[in-house]
Amino acid sequence: MIHRYKNNGYNIVLDVESGLVHVVDDIMYDVIGAYDEKKEKTDITEDLKNKYDIGEINEAIKEVDELIENESLFTKDVYRDKIDFKKRQTVVKALCLHISHDCNLACKYCFAEEGEYHGRRALMSLEVGKKALDFLIENSGNRKNLEVDFFGGEPLMNWEVVKELVKYGRSREKECNKNFRFTLTTNGVLVDDDVIEFANKEMSNVVMSLDGRKEVNDKMRPTRNGKGSYDIIVPKFKEFAKRRGDKDYYVRGTFTHENLDFASDVLHYADLGFKNMSMEPVVSEPTDSYSIKEEDLPMIMSEYDRLAKEYIKRKKEGNGFTFFHFMIDLDGGPCVYKRLSGCGSGTEYMAVTPWGDLYPCHQFVGDEKFLLGNVFDGVKNTEICDEFKLCNVYAKEKCQKCFAKYYCSGGCAANSYKFHGNINDAYDIGCEMQRKRIECAIMIKAALSEE
Ligand code: SF4
Ligand code: SF4
């Protein structure tokens, strides 16, 4: 399968199965398109003879034949029959610890219902947290690096337990031959010197939630008493990022129907001095006023294009930043399982509630159908785990024909469930955006490799 598109003056052909990207001239672009339509060579020449010189057409046909011969174009899927996802042994590699089902903000789109996840307000006790880390160690097989995300609600509302858990994790690393990589996801309200100092020493990554421009952020992310949060959190995040030095962090936002010009919000992060950022489309009920609708897609597509152009410009000027969705790995990236089956929710990655229940990921928390077990007794509902294990691009009809399959890995199971009632489908509006981001990311690579 190939995917052909034009973007920002480039003619791009992605050979989907091999992952090779060809930046071609107009004639090659048209000839490859004709091959894709399974046209005979004589018909190709006939169809294109009014547009190009016959000698050039024949030259392009020869070149395409060579690319096919060299397995660089129209290559076949070599994994499909070789990989048995059911038999694949998985270990738990990552936990999302819901340290606090409580929050000091009242974001309008909050999937966690302001931190409470369809349930009660609760903070994770040190005892449950320790059990969760023990569970991770015990179920991680030979894997050395273990990821733990301190998540909420707002994890800083239970900061002392976070610190104690980091200490506990570190104390077990040596005896168990493990290495914990901690991440803190925070809305910033309670960030202070102690948080910055501790996180910069212990957290491999920090995710700072902010929705971009002040008016956008304050509309969607008010405090509990209805005031804007921008002025409280931006100075703290700036200080946090500055003091992180070389350590990873990123500013993460959500865009909605209310700010379809979201490229301006991403650029606002860069103008504030942040270097790493991401901006995700909101996933909400279609009836929510801020939800993204199909008719918003043309504007969203042109915003990704605008962002991509500015991204290239700033990179070339030496003033670049990273945007998560444009950081594509064209050299094969992670192992093929990962490329085909995505985030590993429900098998390699699980979320833990404050009272120790296990769910496939934070988006399923509170939905009893997806309760996997708990950190005290382990995973009991292995049927659900198996269902998640089989959730991959080959299991999803839409994904099999999609050029983005090796980069997107079949999309988000939770979004599929939300819109289609099962985890083996795909959220169509999300797919359109995903494909566009991948097109932009590949174009950016082409543009930046010209230097
Ligand atoms: S900061 Fe996070 S948990 Fe708190 S209300 Fe906003 S989205 Fe929800
Ligand atoms: S973009 Fe959609 S259809 Fe394509 S691989 Fe991802 S989830 Fe599947």
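We now turn to the structure provided with this report. (Residues numbered from 1 in each chain as written. Chains lettered and ligands numbered in written order. Predicted model: local features only at pLDDT ≥ 70, side-chain atom pairs only at ≥ 80, totals over all residues. Heavy atoms only, no water.)

1. Remarks on the overall build of the protein
Next, step 1: A tally of helices and strands in the protein yields 16 helices and 16 strands.
Next, step 2: Rg of the C-alpha trace for the protein: 24 Å, near the compact-globule value of 22 Å for 451 residues, within the 12% margin.
Next, step 3: Principal-axis analysis of the C-alpha atoms places the extent of the protein at approximately 75 × 50 × 45 Å.
Next, step 4: When the 451 residues of the protein are sorted by exposure, 56% land in the buried category.
Next, step 5: Sequence separation of at least 24 residues holds for 70% of the intrachain contacts in the protein that already meet a minimum separation of 6.
Next, step 6: Surface exposure of the protein reaches about 20600 Å², of which carbon and sulfur atoms provide 47%.
Next, step 7: Charged side chains in the protein number 65 positive and 79 negative. The centres of these two groups are separated by 4 Å. (Helix = DSSP H or I, 4+ residues; strand = E, 2+ residues; numbered from the N terminus. Rg over C-alpha atoms; globule rule 2.2 N^0.38 Å. Buried < 20%, exposed > 50% of the residue type's maximum accessible area, 1.4 Å probe, protein only. Contact = heavy atoms within 4.5 Å. Areas by Shrake-Rupley, 256 points an atom, 1.4 Å probe, with all protein chains shown as cover. Lys, Arg positive; Asp, Glu negative; His and termini not counted. Charge placed at Lys NZ, Arg CZ, Asp CG, Glu CD.)

2. Thoughts on the site of ligand 2
Next, step 1: Inspection of the region around ligand 2 gives Lys398, Cys399, Cys402, Lys405, Cys408, Gly410, Gly411, Ala426, Cys431, Gln434 and Arg435 as its neighbouring residues.
Next, step 2: Those elements that provide at least two residues to the shell around ligand 2 are helix 13 (397–400), helix 14 (405–408) and helix 16 (428–448).
Next, step 3: In terms of residue count, the dominant contributor to the shell around ligand 2 is helix 16 (3 residues).
Next, step 4: Among the residues forming the shell around ligand 2, the class breakdown is 5 nonpolar, 3 polar and 3 charged. (Near = heavy atom within 4 Å. Nonpolar A, V, L, I, M, F, W, Y, C, P; charged D, E, K, R; others polar.)

3. Thoughts on the pattern of salt bridges
For side chains bearing opposite charge, pairing can occur when the charged atoms are close.
Next, step 1: In this structure the tally under the stated criterion is 38 salt bridges.
Next, step 2: Of the charged contacts in the structure, one is a salt bridge between Lys418 and Glu285, with a shortest N-O distance of 3.3 Å. Placement of Lys418 in helix 15 (residues 413–420) and of Glu285 in the loop between strand 11 (276–281) and helix 10 (297–316) is noted, with a sequence separation of 133 residues between them.
Next, step 3: Residue Lys418 is classed as partly exposed on the basis of its relative accessible area, which comes to 41%.
Next, step 4: Measuring nitrogen to oxygen at the nearest pair gives 2.6 Å for the salt bridge that ties Lys398 to Asp425. Taken together, the positions of Lys398 in helix 13 and Asp425 in the loop between helix 15 and helix 16 put the pair 27 residues apart, joining distant regions of the chain.
Next, step 5: Sharing partners across several salt bridges, the network here consists of Asp193, Glu197, Glu239, Lys242 and Arg243. (Salt bridge = Lys/Arg side-chain N within 4 Å of Asp/Glu carboxyl O.)

4. What to know about the packing of aromatic side chains
Next, step 1: The final tally for this structure, using the stated rule, is 17 aromatic pairs.
Next, step 2: Summarising the aromatic geometry, the rings of Phe255 and Phe262 are spaced 3.9 Å apart at their centres and angled 10 degrees between planes, so their arrangement reads as stacked. Pair check on accessibility: Phe255 and Phe262 agree, each one buried.
Next, step 3: Centroid distance Phe364 to Tyr417: 6.1 Å. Interplanar angle 50 degrees. Geometry classified as tilted. With Phe364 in the loop between strand 14 (357–359) and strand 15 (373–374) and Tyr417 in helix 15, the pair connects residues that are 53 residues apart, well separated along the chain.
Next, step 4: A relative accessible area of 3% places Phe364 in the buried class.
Next, step 5: Among the aromatic residues, those joined into a cluster by ring pairs are Tyr311, Phe321, Phe323 and Phe326.
Next, step 6: Positioned above the aromatic ring of Tyr29 is the side chain of Arg4, whose terminal nitrogen or guanidinium carbon lies 4.3 Å from the ring centre. (Phe/Tyr/Trp six-rings, centres within 6.5 Å; stacked < 30°, edge-to-face > 60°. Lys NZ or Arg CZ within 6 Å of the ring centre and 35° of its normal.)

5. Observations regarding the packing of helix 2 (residues 41–48) against helix 3 (residues 54–69)
Next, step 1: Where helix 2 contacts helix 3, the axes come no closer than 10 Å and their chain directions differ by 140 degrees. By the angle between their directions, the pair helix 2 and helix 3 is classed as oblique. The way helix 2 lies across helix 3 gives a crossing that is right-handed. Contacts between helix 2 and helix 3 involve Lys41, Ile44, Thr45 and Leu48 from the first element and Ile54, Ile57, Asn58, Ile61 and Asp65 from the second.
Next, step 2: Its residues placed into classes, the contact of helix 2 with helix 3 shows 5 nonpolar, 2 polar and 2 charged. (Axes fitted to C-alpha atoms, helices over the stretch in contact; angles between N-to-C directions. Parallel < 35°, antiparallel > 145°, perpendicular 65-115°, else oblique. Left-handed = near helix turned anticlockwise from the far one by under 90°.)

6. Here's the deal with the nonpolar core
Next, step 1: Judged by nonpolar contacts, the single largest core of 117 residues is most densely connected at Leu97, Phe150, Met203, Leu210, Phe274, Phe323 and Phe326.
Next, step 2: Counting residues per element, this core draws most heavily on helix 16, which supplies 10 residues.
Next, step 3: Beyond its immediate stretch of four places on either side in the chain, Phe150 contacts Leu97, Ile99, Pro155, Val162, Leu165, Val166, Phe182, Thr183, Leu184, Thr185 and Met203.
Next, step 4: In this structure, Met28, Val31, Tyr35 and Ile61 belong to the second largest nonpolar core, which totals 19 residues. (Core = buried A, V, L, I, M, F, W, Y, C linked by side-chain atoms within 4.5 Å.)

7. Concerning the site of ligand 1
Next, step 1: Lining the immediate environment of ligand 1, one finds 8 residues, of which Cys103, Leu105, Cys107, Cys110 and Arg221 sit closest.
Next, step 2: Looking at side-chain class alone, the shell around ligand 1 contains 4 nonpolar, 2 polar and 2 charged residues.

8. Remarks on a negative patch on the surface
Next, step 1: On the surface, Asp25, Asp53, Glu56, Glu59, Glu63, Glu66, Glu69 and Glu71 cluster together into a patch of negative charge.
Next, step 2: Mapped onto the secondary structure, Glu56 falls in helix 3.
Next, step 3: What makes Glu56 partly exposed here is its relative accessible area of 44%. (Patch = residues over 30% accessible without salt bridge, like charges linked within 9 Å, V, L, I, M, F, W, Y side chains within 5 Å.)

9. Notes on the sheet that holds strand 7 (residues 145–151)
Next, step 1: Taken in spatial order, the 11 strands make up an open sheet running 12-11-10-9-8-7-4-13-14-15-16, and their pairing is mixed. Looking at strand neighbours, the two that pair on one side only are strand 12 (322–323) and strand 16 (378–379), the edges of this open sheet.
Next, step 2: Against the sheet, helix 6 (residues 193–202) makes contact with strand 8 (179–186) and strand 9 (203–209), and its axis sits at roughly 130 degrees relative to strand 9, the strand it touches most. (Pairing = 2+ DSSP bridges.)

10. Quick notes on the pairing of strand 3 (residues 20–24)
Next, step 1: Taken together, the 5 bridges between strand 2 (residues 10–15) and strand 3 define a ladder with antiparallel strand orientation. Bridge assignment links Ile12 to a residue of strand 3, and that residue is Val23.

11. Section: helix 6
Each turn of an α-helix holds 3.6 residues, which means side chains three or four residues apart point in the same direction.
Next, step 1: Among the residues of helix 6, Val195, Ile196, Phe198, Ala199, Asn200 and Glu202 are the ones counted as buried.
Next, step 2: Among the residues of helix 6, the N-terminal cap falls to Asp192, whose side-chain oxygen and the backbone nitrogen of Asp194 are separated by 3.2 Å. (Polar contact = N/O pair within 3.5 Å; in protein donor to acceptor, adjacent residues only side chain to side chain.)

12. Examining the sheet that holds strand 3
Next, step 1: The sheet built from 3 strands is open, its strands ordered 1-2-3 with antiparallel pairing. Edge positions in the sheet fall to strand 1 (2–7) and strand 3, since each has one partner strand and no second. For this sheet, the mean angle separating the axes of adjacent strands, direction not counted, is 20 degrees.
Next, step 2: Where strand 1 meets strand 2, 6 bridges bridge the pair, whose relative direction is antiparallel. Along strand 2, the bridge assignment pairs Asn7 with Tyr10.
Next, step 3: Sitting on the sheet, helix 16 touches strand 1, strand 2 and strand 3, and the angle it makes with strand 1 is about 70 degrees.

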